[in-house]
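Structural overview
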Amino acid sequence: MRLYLRRREENIIKGINSWTLVYGRRKTGKTTLIKNNLKFDFYTLIANSNYAIDVNDKIMKVEEALNEVKSVLKKGGVAVIDEFQRLPEIYWSVISNWPRDGVLVLVASSYGIVNKVFNRNSPLLGLFLPIEIGIISYEDVLVQLKDPILSVLFRDPWIIPFIDNYQDFVRKIKQLTLAAKGLIGEVFKEEERQLTEIYYRILLLLGEGIWKTSDIAGIIQPKGGSATISSMINKLVKMGLVQKIPTLSKEYYYKVSSPPLSLILYAESKYAVSELDVEIPELPIGREVQFSVGELLAKYFNGVLYYSPKEDIDVIIVKKRKPIWAFEVKIGEITVGEAREAIKRMSKVAENVGLVSLKEKPEEIADMSIGPKELLEIANKVSRISSS
């Protein structure tokens, strides 16, 4: 049985009472959220431009499905059209003439659909409110699993059925690499783009930890240089595949948004695991822990997550443009010597400094020392779901 992780977006879905567009990258759990938390009278999934499938797997013509949706709305009911981005736009004008007595929820596995629906020339403009569904927040997973490393991987729901722990993830990295490339291809297809070799190489390099557009341009050497790479990375950001994190040096640090996808791309870039039978000596799981913990701490202190590669500071929390906290984050223990060195380095940047270890609580020589127990307590305070 597939593990179902509760998440903060459940209450948002339960509270839908007007026409709504739910959107996000492929395989982030949108359909699961809808089916588990929205009381609907009719559900249809658009399979292609001609056919749709209802909640009982009945296949019907698109026109038949839309007539059923319209009928439900006339009665004041709730109807869902899933994979809405596949519905030919000729039907958008039809939908715009439907009665507003009921609640219509569109679900789309695309970020580009948002621009189309809310375009000034769209017949649907002004009819829907948007709700974005990304990967699951670290705190929502952590309060349920209580495993700080596995919780990082399970933030992306598509990985959950395939692994039981981090070691399992490493063992299955070859198979997961093949699945991941298919997922990326699906994302591009739904965004009406082609997964070109350059886009894929950019993702591989980002997975490897190469984040500067100038460095990526130097390796790939595309026409247009850094400007071309910068434009393509920003498109990947808009597609939900890449995360854009500010740094103290006023440039952006780019990374693959999904922790498991980032690690899979690293393995492929460094070791070509999809083609070779190789034993992976290590994966940069510490990097993914760093950013997930950083996102959690930013919410806890009501600030913005920054990263400082130049100063080698894992997590910086900025509030009103001022660094208020800096943290050193490690999976293993932090020795007293490492702690003192980190504190010295971080004190040059932020008012307060902290140490985070997933193994055991560090010595209390910083302004805040966080071990596994304290991290879980913080997650419980930040999470919007019950930890029971």
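If you're wondering where the values come from, they're calculated on a predicted model, not measured in any experiment.

1. A look at helix α12 (residues 225–238)
With 14 residues, α12 extends 21 Å between its outermost C-alpha atoms, agreeing within 8% with the 20 Å of an ideal straight helix rising 1.5 Å per residue. Three or more residues of α12 are buried, namely I229, M232, I233 and L236. Down the axis of α12, the buried set is contained in an arc of 100°. They therefore lie on one face. Exposed positions of α12 whose direction lies more than 90 degrees from the buried face are A227 and K238. G240 sits one or two residues past α12 and shows a positive phi near 85°.

2. A few points about a positive patch on the surface
A cluster of basic residues, R193, K235, K238 and K244, forms a positive patch on the protein surface. Among the secondary structure elements, R193 is positioned in the loop between α9 (173–190) and α10 (197–208). Classification of R193 by relative accessible area gives partly exposed; the value is 38%.

3. So, the nonpolar core
By size, the foremost hydrophobic cluster in this structure holds 79 residues, and its most contacted members are F169, L241 and F327. When residues no more than four places from it in sequence are discounted, the contact partners of F169 are L153, I159, I163, L176, P260, L263, I264 and L283. V69, I81, A108 and L124 belong to the second largest nonpolar core, which has 31 residues in total.

4. Thoughts on the packing of α10 against α12
α12 packs onto α10 with a crossing angle of 80° between their chain directions and a minimal axis gap of 11 Å. In terms of orientation, α10 lies roughly perpendicular with respect to α12. In this structure, α10 uses I198, Y199, I202 and L203 to contact α12, whose residues at the interface are I229, M232, I233, K235 and L236. Taken together, the residues of the contact of α10 with α12 sort by class into eight nonpolar, no polar and one charged.

5. A short note on the sheet that holds strand β11 (residues 313–319)
Two strands in a sheet stick together by hydrogen bonds in their backbones, pointing the same way (parallel) or opposite ways (antiparallel). Read across the open sheet, the five strands follow the order β10-β11-β12-β13-β14; overall the sheet is mixed. Since the sheet does not close on itself, it has two edges, and those belong to β10 (304–308) and β14 (368–370), each with one partner. Going from strand to strand, the sheet's axes swing by 25° on average, the running direction of each strand aside. Pairing analysis gives six bridges linking strand β12 (residues 322–330) to strand β13 (residues 352–357), with the strands arranged parallel. When the bridges of β13 are listed, F327 appears paired with G354. On the sheet, helix α15 (residues 336–347) packs against β11, β12 and β13 and is oriented at approximately 145° with respect to β13.

6. Points about the sheet that holds strand β4 (residues 59–61)
Reading across the sheet, the seven strands line up as β4-β3-β2-β5-β6-β1-β7 and stay open at both edges, with mixed pairing between neighbours. Each edge of the sheet is formed by a strand with only one pairing partner; in this case those strands are β4 and β7 (129–132). If you compare each strand with its neighbour and ignore which way they point, the axes differ by 25° on average. As defined by bridge partners, strand β1 (residues 20–23) adjoins β7 across four bridges and the pair is classed as parallel. Its bridge partner lying in β7, V22 is registered against I131. Strand contacts of helix α2 (residues 30–37): β1, β2 (42–46), β5 (78–82) and β6 (103–108), with the helix running at about 155° to β6, the strand carrying the most contacts. This element, helix α3 (residues 62–74), spans β2, β3 (51–54), β4, β5 and β6 of the sheet and lies at about 90° to β4.

7. Quick look at the packing of aromatic side chains
How two aromatic rings sit relative to each other is given by the distance of their centres and the angle of their planes. As enumerated under the stated definition, the model contains 16 aromatic pairs in all. Arranged with centres 5.1 Å apart and planes meeting at 65°, the rings of F188 and Y199 form a pair that is edge-to-face. Of the two residues, F188 is situated in helix α9 and Y199 in helix α10; the sequence distance between them amounts to eleven residues. Of the two residues, F188 and Y199, both sit in the buried class. With a centroid separation of 5.3 Å and 15° between ring planes, the pair formed by W325 and F327 is classed as stacked. By the burial criterion, W325 is buried, and F327 matches it. The ring centre of W19 lies 4.4 Å from the NZ or CZ of R100, which sits over that ring. Above the ring of Y252, the side-chain terminus of K244 is found at 4.5 Å from the ring centroid.

8. Quick word on the pairing of β2
Of all the five residues making up β2, four are buried; the element is thus mostly covered by neighbouring parts of the structure. Of the pairings in the sheet, the one linking β2 to β5 comprises four bridges and is parallel in character. The residue bridging T44 from the neighbouring strand is I81, located in β5. Pairing analysis gives three bridges linking β2 to β3, with the strands arranged antiparallel. Looking at β3, one finds that I46 is bridged to A52. The hairpin formed by β2 and β3 contains four residues between the paired strands.

9. Some thoughts on helix α6 (residues 138–145)
Summarising burial for α6: six of the eight residues are buried, a large majority. Every buried residue belonging to α6 is among Y138, E139, D140, V141, L142 and V143, and all of these are buried. Tucked inside the fold, the buried residues of α6 contact α7 (150–153), α14 (285–300) and α16 (372–382). Positive phi shows up at K146, right after α6, with a value of about 60°.

So, how was this worked out
- Residues numbered from 1 in each chain as written.
- Predicted model: local features only at pLDDT ≥ 70, side-chain atom pairs only at ≥ 80, totals over all residues.
- Heavy atoms only, no water.
- Helix = DSSP H or I, 4+ residues; strand = E, 2+ residues; numbered from the N terminus.
- Expected span 1.5 Å × (residues − 1).
- Buried < 20%, exposed > 50% of the residue type's maximum accessible area, 1.4 Å probe, protein only.
- Arc of directions from axis to C-beta.
- Patch = residues over 30% accessible without salt bridge, like charges linked within 9 Å, V, L, I, M, F, W, Y side chains within 5 Å.
- Areas by Shrake-Rupley, 256 points an atom, 1.4 Å probe, with all protein chains shown as cover.
- Salt bridge = Lys/Arg side-chain N within 4 Å of Asp/Glu carboxyl O.
- Lys, Arg positive; Asp, Glu negative; His and termini not counted.
- Charge placed at Lys NZ, Arg CZ, Asp CG, Glu CD.
- Core = buried A, V, L, I, M, F, W, Y, C linked by side-chain atoms within 4.5 Å.
- Contact = heavy atoms within 4.5 Å.
- Axes fitted to C-alpha atoms, helices over the stretch in contact; angles between N-to-C directions.
- Parallel < 35°, antiparallel > 145°, perpendicular 65-115°, else oblique.
- Nonpolar A, V, L, I, M, F, W, Y, C, P; charged D, E, K, R; others polar.
- Pairing = 2+ DSSP bridges.
- Phe/Tyr/Trp six-rings, centres within 6.5 Å; stacked < 30°, edge-to-face > 60°.
- Lys NZ or Arg CZ within 6 Å of the ring centre and 35° of its normal.

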